[in-house]
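Below, each chain spelled out in residue letters.
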Amino acid sequence: MNIKSAKYITSVVDSKNILKDDVVEFAFVGRSNVGKSSLINNLTGQKNLAKTSSTPGLTKMINYFFINDLFRIVDLPGYGYAKTGHKHIANWAGLMEQYLVQSPNLKTVFVLIDCRHTPSDLDKMMLEFLNSYQIPYIVVATKVDKIAKSKISQACNMIAKELGVRKELVLGYSSENGYGRERMLEYIDSLL
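Everything quoted here is computed from the prediction, not taken from an experiment.

1. Considering the confidence of the model for the protein
- Confidence along the protein averages 89 in pLDDT terms, with 89% of residues attaining 70 or more.
- Taken as a whole, residues 82-90 scores under 50 in pLDDT and shows four contacts with residues more than four places along the chain or in a different chain.

2. A closer look at the environment of leucine 39
- Position of leucine 39 relative to the elements: it lies in helix H1 (residues 36-44).
- For leucine 39, a relative accessible area of 1% corresponds to the buried category.
- Along the chain, leucine 39 and glutamate 176 lie 137 residues apart, while their C-alpha atoms are 8.7 Å from each other.
- In this view, leucine 39 contacts Phe28, Leu112, Val140, Thr142, Tyr173, Ser175 and Met184; residues no more than four positions away in its chain are not counted.

3. Here's the deal with the packing of aromatic side chains
- The tally for this structure, following the rule as stated, stands at seven aromatic pairs.
- Ring geometry for phenylalanine 110 against tyrosine 187: centres 6.0 Å apart, planes inclined by 80°, an arrangement best described as edge-to-face. Taken together, the residues span a long stretch of sequence, with phenylalanine 110 in strand E5 (residues 106-114) and tyrosine 187 in helix H5 (residues 181-191) at a distance of 77 residues.
- Accessibility expressed as a relative area gives 1% for phenylalanine 110, which makes it buried.
- Given the relative accessible area of 26%, tyrosine 187 is considered partly exposed.
- Ring pairing ties together the aromatic residues Phe26, Phe28, Phe71, Phe110 and Tyr187, which thus form one cluster.

4. Comments concerning the sheet that holds strand E4 (residues 71-75)
- Ordered by their spatial adjacency, seven strands build an open sheet running E1-E3-E4-E2-E5-E6-E7, and the pairing between neighbours is mixed. At either end of the open sheet lies a strand with only one pairing partner, and these are strand E1 (6-12) and strand E7 (170-172). Shown here is a sheet whose adjacent strand axes are inclined to one another by a mean of 25°, direction ignored.
- In terms of strand pairing, strand E2 (residues 24-30) meets E5 through six bridges, oriented parallel. Pairing of phenylalanine 26 across the sheet is with threonine 108, part of E5.
- Packing against the sheet, helix H4 (residues 152-163) makes contact with E5, strand E6 (137-142) and E7, and its axis sits at approximately 155° to E7.

5. Describing the environment of isoleucine 135
- Topologically, isoleucine 135 is positioned in the loop between helix H3 (121-132) and E6.
- Classification of isoleucine 135 as buried rests on a relative accessible area of 10%.
- Each C-alpha atom, one on isoleucine 135 and one on leucine 106, is 8.3 Å from the other, the two residues being 29 residues apart in sequence.
- Residues within four places of isoleucine 135 in sequence aside, it is in contact with Leu100, Leu106, Val109, Phe129 and Leu130.

Cut-off values and rules
- Residues numbered from 1 in each chain as written.
- Predicted model: local features only at pLDDT ≥ 70, side-chain atom pairs only at ≥ 80, totals over all residues.
- Heavy atoms only, no water.
- pLDDT = per-residue confidence, 0-100.
- Contact = heavy atoms within 4.5 Å.
- Helix = DSSP H or I, 4+ residues; strand = E, 2+ residues; numbered from the N terminus.
- Buried < 20%, exposed > 50% of the residue type's maximum accessible area, 1.4 Å probe, protein only.
- Phe/Tyr/Trp six-rings, centres within 6.5 Å; stacked < 30°, edge-to-face > 60°.
- Pairing = 2+ DSSP bridges.
- Axes fitted to C-alpha atoms, helices over the stretch in contact; angles between N-to-C directions.

Structure below.
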């Protein structure tokens, strides 16, 4: 698959504004600072489509992007960064949960985990949530450019083991050099 066009559509902070139509969606979720925005930018080939920041927890809303006039990428709020008040965190969590449960055309959730770290309890809770609602997902081991190429498979296997998932469900990805990009695009294409 070639991505020829990618454009920002809208941001949603209230569950009543979650888009509900017949456009296929692929959602991206993960801990704050895991590289979600960078991955979306790399995947779409647009440097500034999703806003990146060195400040964790910047995404506080659901951001929608329309790709190839065919499907949407949905950037969900990052979890695990508690510099904001508990009330705001509860609101984001509620918004994310409503999206995941209510979106009629959600094909897959890409759960991003930094390949250099053991999955956190929050990562495990996210997978438990997705499993409980039978929402399909792929785990994406991000930032593989930060480790030796010979260690990527080992890092992905460690994440799979920690999460109790098949190793085929863990995809290595680098937003710096595009490692894993073609594989992700092929997977998305197969579901369209």
